[in-house]
Amino acid sequence: YPAYGECDPRVFMVITYCLLFGVMFGDVGQGALLVLIGIYMLKKKGMWLGRILAAVGCAAVVFGFVYGSVFGNEHLLPGFKVLEGGGVMQILLVSAGGGVVLILISGVLNILTAFRQHDYRAALFSANGVTGVLFLAGIVGCAVSDALFATSLLSKGPVWLVFALLLLSIWLGEPLTMLFGLAPKEHGHKTSAGMMLLEGFFELFEAFLSWLSNCLSFLRAGAYAIIHAIMMLVVYTLTGADSGSLSVGGVIGLIAGNAFVMVLETALVCIQVLRLEYYELFSRFYKGTGHAFKPYELKK
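Reading the values: rules and limits
- Residues numbered from 1 in each chain as written.
- Predicted model: local features only at pLDDT ≥ 70, side-chain atom pairs only at ≥ 80, totals over all residues.
- Heavy atoms only, no water.
- Helix = DSSP H or I, 4+ residues; strand = E, 2+ residues; numbered from the N terminus.
- Rg over C-alpha atoms; globule rule 2.2 N^0.38 Å.
- Buried < 20%, exposed > 50% of the residue type's maximum accessible area, 1.4 Å probe, protein only.
- Contact = heavy atoms within 4.5 Å.
- 1 Å grid on protein atoms, 1.4 Å probe; cavity = no way out; pocket = protein on both sides within 12 Å on 5 of 7 lines; lining within 4 Å.
- Points joined across faces, edges and corners; volume = space filled by probe spheres on them.
- Nonpolar A, V, L, I, M, F, W, Y, C, P; charged D, E, K, R; others polar.
- Core = buried A, V, L, I, M, F, W, Y, C linked by side-chain atoms within 4.5 Å.
- Axes fitted to C-alpha atoms, helices over the stretch in contact; angles between N-to-C directions.
- Parallel < 35°, antiparallel > 145°, perpendicular 65-115°, else oblique.
- Left-handed = near helix turned anticlockwise from the far one by under 90°.
- Salt bridge = Lys/Arg side-chain N within 4 Å of Asp/Glu carboxyl O.

With respect to the overall build of the protein chain
Step number 1: Check the secondary structure of the protein chain and you find 11 helices and zero strands.
Step number 2: The helix and strand sequence of the protein chain, counted from the amino end, reads α-α-α-α-α-α-α-α-α-α-α.
Step number 3: For the protein chain, the C-alpha radius of gyration of 24 Å lies well beyond 19 Å, the compact-globule estimate for 300 residues.
Step number 4: Considering only C-alpha atoms, the protein chain reaches an extent of 80 × 75 × 25 Å along its principal axes.
Step number 5: The burial tally for the protein chain puts 42% of its 300 residues in the buried class.
Step number 6: Long-range pairs, those at least 24 residues apart, make up 70% of the contacts in the protein chain with a sequence separation of at least 6.

Right under this line is the structure:
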């Protein structure tokens, strides 16, 4: 349960989980099968897992139309072809960019939660606070602008001066909070200045590692989309479906290959998306230290 003042993460998780699953498992045919299996599990068996399979199956169908993939066949529909041209590099860059956007949204949720809980140090001067969000958004935005429009923002001194001030505010977050009178009264001045500087330095170092590792971790979203396309290409090659000459054994192999890839990737992608949610997103804004409300009952 969310702690007092924390954002309820359920809507955020529903949207981002389905979005990431669809990116990794974009296939119209296999996604539609997941929807049907999920509905059957829910309606006939009463299994809660059916709701999740139906939801992620819908996302897989949507991104299947984006990729133009139907049971691994990418020639039936128009769309973005992962294995053609520069598709591999493009989908990896889009995955990393989408990861940065999700990390920034998580930072905004942390800022809202910290303000509600009157934790102004975390809201203003932390890696997931205002300064951290501005730094990550600024440096990524400048890099994208330089790459697309040749603006050369990252070669300008004033830009790096702003970045340096943002990083310095994270390092000196504790003294700045005290300076502006935003520290809680019980905090006092028990910590020495040297210890505050040392703690701030390690927090800044941890923030750098977190930004780098979390942004790179979202590359797995594009990587699984590539793996899905390659595995289905192998199935079509082994069964002879790519050459247009399908025997009875080839049809059976094609069906079995689709079933194997769908089951394997559904399990793997569900686990990987859950990992991204837990480590890269939830750890930035959610603690979950609340308790369920149980009203007091008078016993006669």
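A short note on the layout of surface pockets
Step number 1: In this structure, the largest pocket encloses a volume near 530 Å³.
Step number 2: If you trace the largest pocket, you find 18 residues lining it, with A96, V100, V140, A143 and V144 closest to the centre.
Step number 3: Contributions of two or more residues to the lining of the largest pocket are made by helix 4 (87–116), helix 6 (130–149) and helix 9 (193–217).
Step number 4: No other element matches the eight residues that helix 6 contributes to the lining of the largest pocket.
Step number 5: A per-class count over the lining of the largest pocket returns 17 nonpolar, one polar and no charged.

Some remarks on the nonpolar core
Step number 1: In this structure, F21, M24, Y67, W211 and F218 are the most contacted members of the largest nonpolar core, which totals 51 residues.
Step number 2: Looking at this core, the element that brings in the most residues is helix 11 (residues 248–285), giving eight residues.
Step number 3: Not counting residues up to four positions away in its chain, the partners in contact with Y67 are G22, V23, G26, G79, F80, K81, V82, I91 and A225.

As for the packing of helix 1 (residues 10–24) against helix 3 (residues 49–67)
Step number 1: The interhelical angle for the contact between helix 1 and helix 3, taken along N-to-C directions, is 45°, at an axis separation of 8 Å. The orientation of helix 1 with respect to helix 3, classified from their angle, is oblique. Crossing handedness for the pair helix 1 and helix 3: right-handed. Contact with helix 1, carried on its side by Y17, C18, L19, F21, G22 and V23, involves A55, V56, A59, A60, F63 and Y67 of helix 3 and no other residues of that element.
Step number 2: Across the contact of helix 1 with helix 3, the residue classes tally to 11 nonpolar, one polar and no charged.

Some words on the pattern of salt bridges
Step number 1: Scanning all chains against the criterion turns up four salt bridges.
Step number 2: Note that R121 and E203 form a salt bridge whose closest N and O atoms lie 2.7 Å from each other. With R121 in helix 5 (residues 120–124) and E203 in helix 9, the pair connects residues that are 82 residues apart, well separated along the chain.
Step number 3: Residues E280 and R275 are paired through a salt bridge, measuring 2.8 Å at the closest nitrogen-oxygen approach.

Things to note about the side chain of T177
Step number 1: Mapped onto the elements of the fold, T177 is located in helix 8 (residues 173–179).
Step number 2: Not counting chain neighbours up to four residues away, the residues in contact with T177 comprise R121, F125, L182 and A183.

Everything listed here is a matter of coordinates, which is why it stays silent on function.
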